[in-house]
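# Overview (structure and organization)
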Amino acid sequence: MKKRKKKESAVLNRLRTHYRIVFINDESLEEVASIRLTIQKLYVLFSTLFVVIVALTICVLLITPLKYYIPGYGSNKTHMQVVRLKQNVDSLSDLVAAQQLYEANIRKVINGNYNGKPDTAMLNVKEAEKEQMKSIFPVQDIKKKK
């Protein structure tokens with residue numbers, strides 16, 4: 001327990017030990033600047049600089065059109081286009097599947113391999129012709145009163 005406290009106090013003492021950085025002009029040996037720092041202050045300074053630089057970078061990317069160069073980031077317009085294209089592809093694939101099923105059924109009928117229930121109803125040709133004529137000429141339901 002005492003060793004742990006000694007190690008913690010030694011680390012804290014190293015962090016709080018003051019150091020002086022002196023900038024001296026080489027030609028005149030005149031002291032230009034002097035800074036008194038601790039390792040703890042230096043750590044806080046670099047951490048703050050890192051956070052500020054990251055925040056500025058994120059702000060620049062969000063505000064300017066540079067965000068469109070980030071992979072996976074697109075505008076809402078392109079996202080909607082992708083959704084519509086996916087819907088079109090899905091509907092076209094359903095249509096192709098239905099056409100292939102229809103073609104397979106026609107092939108079975110032509111080859112004589114159709115196993116379904118046969119349609120044995122007799123067709124009345126005269127009734128069919130009447131129905132065709134009704135569909136060509138519109139029926140007038142309105143009668144004139146005299």
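What you are looking at is a predicted structure, and each value in this text was computed from that prediction instead of being measured.

Cut-offs used in this document
- Every chain begins its residue count from 1, and numbering advances along the sequence as written.
- Note on the predicted model: pLDDT of at least 70 is required for a residue's local features to be given, and 80 or more for side-chain atom pairs to be given and counted; whole-chain, interface and lining totals, by contrast, use all residues.
- For the side-chain quantities, the full set of heavy atoms in the structure was used; hydrogens and water were omitted.
- Runs of H or I in DSSP of at least four residues are treated as helices and runs of E of at least two as strands, each being numbered from the N terminus.
- For the radius of gyration, the atom set is restricted to C-alpha positions; the globular benchmark scales as 2.2 Å times the number of residues to the power 0.38.
- Exposure categories follow from relative accessible area, calculated using a 1.4 Å probe and restricted to protein chains: below 20% of the type maximum is buried, above 50% is exposed, and the middle band is partly exposed.
- Contacts were defined at the residue level, with two residues in contact if any of their heavy atoms lie within 4.5 Å.
- Computed with the Shrake-Rupley method and a 1.4 Å probe, the accessible areas treat only the protein chains shown as cover for residues.
- Each polar contact in these results corresponds to two N or O atoms within 3.5 Å; when the atoms are within protein, one needs to be able to donate a hydrogen and the other to accept it, and residues that are neighboring in sequence are counted only if both atoms are side-chain atoms.
- Note on pairing: two strands pair once DSSP finds at least 2 bridges between them.
- Here the expected length of a helix is defined as 1.5 Å per residue gap, with one fewer gap than residues.
- Any Lys or Arg side-chain nitrogen found within 4 Å of a carboxyl oxygen on Asp or Glu counts as a salt bridge.

Before going further, it helps to spend a moment on the overall build of the protein chain. Along its length, the protein chain carries four helices and two strands. Moving toward the C terminus, one meets the helices and strands of the protein chain in the order α-β-β-α-α-α. Computed over the C-alpha atoms, the radius of gyration of the protein chain is 44 Å, more than 25% above the 15 Å expected from 2.2 N^0.38 for a compact globule of 146 residues. Reported as C-alpha extents along the three principal axes, the dimensions of the protein chain are approximately 120 × 55 × 40 Å. Across the 146 residues that make up the protein chain, the buried fraction comes to 2%. Put simply, 10% of the contacts in the protein chain that link residues at least 6 apart link residues at least 24 apart. When the accessible surface of the protein chain is summed, it comes to about 14,900 Å², and 62% of that surface belongs to carbon and sulfur atoms.

Here we take up the side chain of Lys 67. Locating Lys 67 in the fold gives a position in the loop between helix H2 (39–63) and helix H3 (76–111). Polar contacts involving the side chain of Lys 67 include one to the main-chain carbonyl oxygen of Leu 62, which spans 3.2 Å. Sequence-distant contacts of Lys 67, defined by excluding residues within four places in its chain, comprise Leu 61, Leu 62 and Tyr 73.

The topology assignment puts Phe 23 in strand E1 (residues 18–24). Judged by its relative accessible area of 43%, Phe 23 is partly exposed. Separated by ten residues in the primary sequence, Phe 23 and Ala 33 have C-alpha atoms spaced 5.1 Å apart.

We now examine the pairing of E1. Pairing between E1 and strand E2 (residues 31–38): seven bridges, direction antiparallel. Across the sheet, Tyr 19 pairs through a bridge with Leu 37, a residue of E2. Taking the residues between adjacent antiparallel strands as the criterion, E1 and E2 are bridged by six residues, where Leu 29 takes a positive phi near 55°.

This brings us to the side chain of Thr 38. By the secondary structure assignment, Thr 38 is in strand E2. Excluding residues within four positions of it along the chain, Thr 38 makes contact with Leu 15, Arg 16, Thr 17 and His 18.

What follows concerns H3. For the α-helix, the turn length of 3.6 residues means that residues three or four positions removed from each other point alike. A rise of 1.5 Å per residue sets the reference length of H3, with its 36 residues, at 52 Å; its end C-alpha atoms lie 53 Å apart and thus fit the reference within 8%. At the C-terminal side of H3, Gly 112 shows a positive phi close to 85°.

The subject of this paragraph is the pattern of salt bridges. Following the criterion strictly, the structure yields one salt bridge and no others. The partner of Glu 103 in a salt bridge is Arg 107, with the nearest N and O atoms 2.8 Å apart. One end of the pair, Glu 103, and the other, Arg 107, are both in helix H3, four residues apart, so they sit about a helical turn from each other.

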